[in-house]
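Given next are the chains, with one letter for each unit.
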Amino acid sequence: MSAAAAARAARRQFSSRLQTTTTRLLHASDSQAAARDASGSFIHPAAVVHPDAAIGQGVSIGPFCTVGPSARVGDACQLHAGSHVVGDTELGEGCIVQTGAILGADIPGRTIIGENNVIGHYAVVGAKCQDLKYKTGDECFLHIGRNNEIREYCSIHRSSKSCDCTVIGDNNLVMGSSHIAHDCKIGNNNIFANNTLFAGHVVVEDWTHTAGAVVVHQFCHIGSYSFLGGGSVVAQDVPRYMMVAGDRAELRCLNIEGLNRNGFSDQEVRRLRKAYQKVFMPTITNRSSFEDRLAELEQDIELSESPAVSCMVESIRMSFVQGRRGICKFRSWNSS
């Protein structure tokens, strides 16, 4: 066969394939159009939405998106071009999934994402964990609450075992390229700056703030209203209301600015400052003297009446129970 004849044959074959593909897209578009008419949703003809997927009302699904058979997309969600919802994944009402983001995974277990969340460009949420103890075929879970903003290139993994769950609460801002590993428990109203990395089983309470490039060791607890300075490597617990910085991170002082911003009264801040100085400012030579300081603090009539001081003492004490990592080392010469 001559080169010209071969080229004509190739063009005919390509034209036939293109016509077949176009016909399939038109048929898919027709069936999706009927669904759109009923629900008020828009599904782009170039999107691949499995017929078994549950699509709510007023949903917008852009070109080149994929929605798997077990997925559930809530009312008024927006899936931007090239985003994907796969596996047993539930997306609550009013969520925005930006270009390139991947939600869920085709593995046993579930990913549940609440209402009004924003998932940034190329974020991966609900992927299999990176724990080598995970057994293929085990169920694993991720639950995310409401009103969270998870920015570009973040990764959030499911739990490592069926009896546990990675949990993220409400109203959190997770900035770009951050990582939340398996079995973490994240509370509410936290701000994690770019490249904040949480290893497995980390617990973060409420209203905490990290600066950029923070690394937190597995099984650490980060107390409410605490601040982790930029570049910190946190290898032990951070009690409530405190600021840490450095490698390895050390307690530097109370998070005064964070307390003021979050509505703590001047009197409450003064009491916390006095309690911090009583516990950490004098030199501590051993664990028993540290316990004596906490006991003395609880006997102080003024300070014992403060709910914030009681919470701080409880947070410190709990860091020394069996299975916990103790608190970050402290610099006794720092003032707060």
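Residues numbered from 1 in each chain as written. Predicted model: local features only at pLDDT ≥ 70, side-chain atom pairs only at ≥ 80, totals over all residues. Heavy atoms only, no water.

**Examining the overall build of the chain**
The cut-off we apply is this: Numbering of helices and strands runs from the N terminus; a helix is a DSSP stretch of H or I covering at least four residues, while a strand is a stretch of E covering at least two. Accessibility here uses a 1.4 Å probe with only protein chains present; expressed as a share of the type maximum, an area under 20% marks a residue as buried, one over 50% as exposed, and anything in between as partly exposed. Pairs of residues are marked as contacts when any of their non-hydrogen atoms sit within 4.5 Å. In these tables, accessible area is a Shrake-Rupley quantity obtained with a 1.4 Å probe, and a residue counts as shielded only by the protein chains included in the view.
The secondary structure content of the chain amounts to six helices and 31 strands. Across the 336 residues that make up the chain, the buried fraction comes to 45%. Taking all contacts inside the chain whose residues are at least 6 apart in sequence as the whole, residues at least 24 apart take part in 29%. Here the chain has roughly 16000 Å² of accessible surface; of this, 53% comes from carbon and sulfur atoms.

**A short note on the pattern of salt bridges**
Counted only if it meets this: One side-chain nitrogen of Lys or Arg within 4 Å of one carboxyl oxygen of Asp or Glu is enough to make a salt bridge.
In the structure shown here, the tally under the stated rule is 16 salt bridges. Glu152 serves as the salt-bridge partner of Arg151, at 3.1 Å between the closest nitrogen and oxygen. The class of Arg151 is partly exposed, set by a relative accessible area of 34%. What makes Glu152 partly exposed here is its relative accessible area of 26%. For the salt bridge of Arg324 with Asp237, the shortest nitrogen-to-oxygen distance reads 3.0 Å. Of this pair, Arg324 sits in the segment after α6 (307–318) while Asp237 sits in the loop between β29 (233–234) and β30 (242–245), placing them 87 residues apart in sequence. Arg324 gets classed as partly exposed once you look at its relative accessible area, which sits at 23%. In the salt-bridge network here, residues are joined through shared partners; they are Arg72, Asp88, Glu90 and Arg110.

**Description of the sheet that holds strand β7 (residues 78–79)**
Convention followed: Strands qualify as paired when DSSP identifies two bridges or more between them. Helix axes are fitted to C-alpha atoms over the stretch in contact, other axes to C-alpha atoms as well, and angles between N-to-C directions run from 0 to 180 degrees.
In spatial order, the strands read β1-β4-β7-β10-β13-β16-β19-β22-β25-β28-β30-β31; together these twelve strands make up an open sheet with mixed pairing. At either margin of the open sheet sits one strand with a lone partner, and together these are β1 (42–43) and β31 (250–254). Summarising the sheet, strand β22 (residues 191–192) and strand β25 (residues 209–210) pair through two bridges and their orientation is parallel. From the neighbouring strand, Ile191 faces β25, where its bridge partner is His209. Packing against the sheet, helix α3 (residues 266–280) makes contact with β30 and β31, and its axis sits at approximately 145° to β31.

**What about the sheet that holds strand β15 (residues 140–144)?**
Strands sit in the order β3-β6-β9-β12-β15-β18-β21-β24-β27 across an open sheet of nine strands; the sheet is parallel. Sheet topology places β3 (54–55) and β27 (221–222) at the edges, where each strand pairs with a single neighbour. As defined by bridge partners, strand β24 (residues 203–204) adjoins β27 across two bridges and the pair is classed as parallel. By the bridge assignment for β27, Val204 is matched with Ile222.

**Description of the pairing of β15**
Taking burial as the measure, the five residues of β15 include four buried ones, the bulk of the element. The pairing of strand β12 (residues 109–113) with β15 spans five bridges and is parallel. Note that in β15 the partner of Arg110 across the bridge is Phe141. One ladder, built from three bridges, connects β15 with strand β18 (residues 166–168); its direction is parallel. In the strand pairing of β18, His143 is matched with Val167.

**Remarks on α3**
Note: α-helices contain 3.6 residues per turn, so residues at a spacing of three or four share the same orientation. Note the following rule: In a helix, the anticipated span is given by 1.5 Å times the number of residues less one. Note: the arc covers the axis-to-C-beta directions of the helix.
In this model α3 runs 21 Å from its N-terminal to its C-terminal C-alpha over 15 residues, within 8% of the 21 Å that 1.5 Å per residue would give. Considered for burial, the residues of α3 that qualify are Glu268, Val269, Arg271, Leu272, Ala275, Tyr276, Val279 and Phe280. Seen from one end, α3 has its buried residues packed into an arc of 160°, which puts them on one side. Across from the buried face of α3, at angles greater than 90 degrees, the exposed residues are Asp266 and Arg270.

**Description of the pairing of β30**
As a general feature of sheets, a regular strand has side chains that alternate between the two faces. The two faces of β30 differ: Met242 and Val244 on one face are buried, but Met243 and Ala245 on the other face are not. Where β30 and β31 come together, four bridges link them in antiparallel fashion. Within the sheet, the bridge partner assigned to Ala245 lies in β31 and is Glu250. Connecting β30 to the next strand, β31, in antiparallel fashion are four residues, including Gly246 with a positive phi near 105°.

**Examining the environment of Thr210**
For clarity, the threshold we go by: What qualifies as a polar contact is a pair of N or O atoms within 3.5 Å, subject to a donor-acceptor requirement within protein and to the restriction that residues adjacent in sequence count only when both atoms come from side chains.
Of note, Thr210 is situated in strand β25. If near-sequence neighbours (up to four positions away) are discounted, Thr210 is found in contact with Ile191, Phe192, Ala193, Thr196, Phe198 and Leu228. One polar contact links Thr210 to Thr196, side chain to side chain, over a distance of 2.8 Å.

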